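Breakdown of the fold
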Protein chains: 2
Amino acid sequence: MRQAGRSLPEYRKVREGTTMLEACTRPDLVAEITMQPVRRYGVDAAILFSDIVLPLKAIGFDLDIVPGVGPVVADPVRRHEQVDAMGELTPADVPYITEAIGLLTAELAATPLIGFAGAPFTLASYLVEGGPSKNHENTKALMYSDENLWHALMAKLTDISAAYLHVQVAAGASAIQLFDSWVGALSAVDYVRYVMPHSQRLLSSLAETGVPRIHFGVNTGELLPLMRDAGADVVGVDYRLALADAAKRVGDSVVLQGNLDPAVIFSSPSAVRTQVDAVLDSARDLPGHIFNLGHGVLPTSDPEVLAAVVRQVHERTAR
Amino acid sequence: MRQAGRSLPEYRKVREGTTMLEACTRPDLVAEITMQPVRRYGVDAAILFSDIVLPLKAIGFDLDIVPGVGPVVADPVRRHEQVDAMGELTPADVPYITEAIGLLTAELAATPLIGFAGAPFTLASYLVEGGPSKNHENTKALMYSDENLWHALMAKLTDISAAYLHVQVAAGASAIQLFDSWVGALSAVDYVRYVMPHSQRLLSSLAETGVPRIHFGVNTGELLPLMRDAGADVVGVDYRLALADAAKRVGDSVVLQGNLDPAVIFSSPSAVRTQVDAVLDSARDLPGHIFNLGHGVLPTSDPEVLAAVVRQVHERTAR
């Protein structure tokens, strides 16, 4: 359950007096925050605590994560010279990641750790817009207006994300998840032309590591077969599409992950049970399924309800 | 082009010193603001200037439209007694709408005026959340947890929206558009159970008027055939799905409307032309097509670019 931490009192306590980016660069805090939902819920895997823009910060971008806003980039990237100036990421840029994963694999023992990184389109959107965006208008304008600049930017971001994920796998992550959070803002035609070649290069560079590659974005019902073809072993499905329908779209060569609506957590206990059952029912005939929310945990979620969801899934899948 | 006004200097000028809700209740302003994009762009139809929550304000809800935020409801609706207390809408609640449409039909002459209202789900979301919401968690929690209360609320909102649209048609609107802006946050299964019966009752109550009924929501690729079956003559398509693909989903019994990405307007002139051509190409074999953006006009759009889009569409469709 992505972003499970932010609804936990123990998370808010450990974060007191520490900015998001500080927390992401302190191995002890990364390990502690990653472990918190595992300890509390007994989930079957941990997902590394970090932020999608961390590797960009690590290679020198002047950006900050503003509480209540998200990542804010001082000088939005819209010109060739800015892209030319972008460096590469090496393990020495993120020593705290290697150290945190070392601490985590020791503590997690048999429980797998999922590494994570943002996919090039989503990182590009943050860099071009200068922050979170509802409509991605500057990103799309650049993409449509200057295809060379667009592909140059995407190629650099692909290298950065790939290097960042390789660091995580080398340090002990046993799976990776590539988040293309905002790519659902594109049509399939645009995805194929402007995004897919880069995501494909990124995911295939990870094939040699042998770890499962999970690929996810919100609002990507129309893009699922393309995201599979980009080289995913597991495709995440948001809550808008029943898993059985998603399976019809992607076939059985990939495992599906998802897709309880995070808003369901705010319902009555019996309604939550019904909705969890509906997800499991929809997944019954799939060749493989990883139960998850269809999006991140909402900050005001009640941890008791999330605990009940995990218990229900474990009880039903243990049968 | 919905919300075309907000990018126009003449709109900002005429709105100076007037709140959104005041502007929506002054017939002279409603008529003037509705006419502005028609005069500037020479589009083929006008769409009534108003706000989706206006009929709720008109029947006594304590709500305001806060600049930069959107509609804010003082006492969010979550209990049976609040729904029981909800009144009906009569023409006497919105005399300024009747008057504004009278002014408009006189000025518009042969150019059709499209009336508009929010669909029950989207209105319910504003009332239950108390304002705009990214995740609609309170709305969905109510929907999943108390189905009786949910349907009671939706039934009241259906009556209100239907009555509001009947006022508009009686006053001279020659088509209506029912906006279910947020319904794309639901899966098809939930749409069928919690929304469709109400939208169906609403749209069929308008059948007797004989005016074309346009139905639109963002992110509704998965819901298009259901929105058609709810009783639409025209289904709006957002920019995520090519019109040709949307047509495969809905068949040829409805006309499609859309779907240039509003973000395209920020691209270079040649990129804008290419994207407009792509929409028209995708619509070429459709039995009917209304060119439009795939979502509202973004406030920082350049009116000159929008004017060029209209010219291009007119030139190409006049051939």
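Residues numbered from 1 in each chain as written. Chains lettered and ligands numbered in written order. Predicted model: local features only at pLDDT ≥ 70, side-chain atom pairs only at ≥ 80, totals over all residues. Heavy atoms only, no water.

**Points about the relation of the copies chain B and chain A**
Going by this rule: We superpose the copies by least squares over the C-alpha atoms of residues that have a pLDDT of at least 70 in both of them. Contacts were defined at the residue level, with two residues in contact if any of their heavy atoms lie within 4.5 Å.
Placing chain B over chain A gives an RMSD of 0.0 Å and needs a rotation angle of 180°, together with 0.0 Å of translation along the axis. The transformation relating the two chain copies, once decomposed into turn and shift, fits a two-fold axis. Looking at the rotation axis and the C-alpha trace of chain B, the residue lying nearest is N219 of chain B, at 3.8 Å. Both copies contact each other with a shared surface, as 96% of the interface residues of chain B are interface residues in chain A too.

**Notes on the interface of chain B and chain A**
Rule in force here: A 1.4 Å probe defines the accessible area here, and the buried area is the portion of it lost by two parts on being joined, summed over both. Salt bridge, as applied in this entry: a Lys or Arg side-chain nitrogen positioned within 4 Å of an Asp or Glu carboxyl oxygen. The helix and strand labels rest on DSSP assignments: H or I over at least four residues marks a helix, E over at least two residues marks a strand, and numbering proceeds from the N terminus. Nonpolar residues are Ala, Val, Leu, Ile, Met, Phe, Trp, Tyr, Cys and Pro. Charged residues are Asp, Glu, Lys and Arg, and all others, Gly as well, are polar.
Contacts between chain B and chain A engage 28 residues on the former and 27 residues on the latter. A combined buried area of about 2,400 Å² lies between chain B and chain A, and 50% of that area is made up of carbon and sulfur atoms. Area buried by chain B at its contact with chain A is led by Y144, E222 and R240 of chain B, which between them contribute 24% of it. Across the contact surface, chain B and chain A share four salt bridges. Here E222 of chain A ties to R249 of chain B by a salt bridge, and the two come within 2.8 Å at their closest N and O atoms. Of all the secondary structure elements, the ones that give two or more residues to the side of chain B that touches chain A are α8 (137-145) and α13 (269-283) of chain B. Looking at the side of chain B that touches chain A element by element, the count peaks at five residues for α8 of chain B. Counted by class, the side of chain B that touches chain A contains eleven nonpolar, eleven polar and six charged residues.

**Section: the sheet that holds strand β6 (residues 213-216) of chain B**
Residues and elements named next belong to chain B. Test applied: We treat two strands as partners when DSSP finds at least two bridges between them.
Read from one edge to the other, the open sheet built from seven strands follows the order β1-β4-β5-β6-β7-β8-β9, with strand pairing classed as parallel. Each having just a single partner strand, β1 (46-47) and β9 (289-293) make up the two edges of the open sheet. Alignment of β1 against strand β4 (residues 113-118), held across two bridges, turns out to be parallel. Bridge pairing links A46 to L113 in β4.

**Quick look at the packing of helix α9 (residues 147-171) of chain A against helix α10 (residues 188-207) of chain A**
Residue and element names in this part refer to chain A. This is how it is decided: Between the N-to-C directions of two axes lies an angle of 0 to 180 degrees, each axis being a line fitted to C-alpha atoms and, for a helix, fitted only over the stretch in contact. Angles below 35 degrees are treated as roughly parallel, those above 145 as roughly antiparallel, those between 65 and 115 as roughly perpendicular, and all remaining angles as oblique. A crossing counts as left-handed when the near helix is turned anticlockwise from the far one by less than a right angle, and as right-handed when that turn is clockwise.
The contact between α9 and α10 brings their axes to 9 Å, and the two run at 25°. Comparing their axes, α10 and α9 come out roughly parallel. Between α9 and α10 the crossing geometry is right-handed. In this structure, α9 contributes E147, W150, H151, M154, A155, T158, D159, S161, A162, L165 and H166 to the contact, and α10 contributes R193, Y194, V195, H198, R201, L202, S205 and L206. Of the residues that constitute the contact of α9 with α10, the class distribution is nine nonpolar, six polar and four charged.

**Looking at the sheet that holds strand β6 (residues 213-216) of chain A**
All names here are of chain A. On the basis of which strands lie adjacent, the open sheet formed by seven strands has the order β1-β4-β5-β6-β7-β8-β9 and parallel pairing. With one partner strand each, in any of the chains shown, β1 (46-47) and β9 (289-293) form the two edges of the open sheet. Sheet topology places strand β5 (residues 175-179) next to β6; four bridges connect them, and they run parallel. Residue pairing across strands places L178 opposite H215, the latter belonging to β6.

**Overview of the domain arrangement of chain A**
Residue and element names in this part refer to chain A. The cut-off we apply is this: Where each domain starts and ends comes from a domain assignment, either automatic or drawn from a database. In protein, a polar contact means a hydrogen-donor-capable atom and an acceptor-capable atom, both N or O and within 3.5 Å, with residues adjacent in sequence counting only if both atoms are side-chain atoms; elsewhere, any N or O pair within 3.5 Å suffices.
Domain assignment breaks chain A into domain 1 (9-236) and domain 2 (249-319). Between the C-alpha centres of domain 1 and domain 2 the distance comes to 24 Å. With 21 residues of domain 1 at the interface, the matching set in domain 2 holds 18 residues. Seen at the junction of domain 1 and domain 2, the total is zero salt bridges. At the boundary of domain 1 and domain 2, one finds seven residue pairs in polar contact (both at pLDDT 80 or more). Counting residues per element, the ones that place at least two in the side of domain 1 that touches domain 2 are α1 (9-15), α3 (27-41), β6, α11 (224-229) and β7 (234-236). Here the residues of the side of domain 1 that touches domain 2 are counted per class, giving eleven nonpolar, four polar and six charged.

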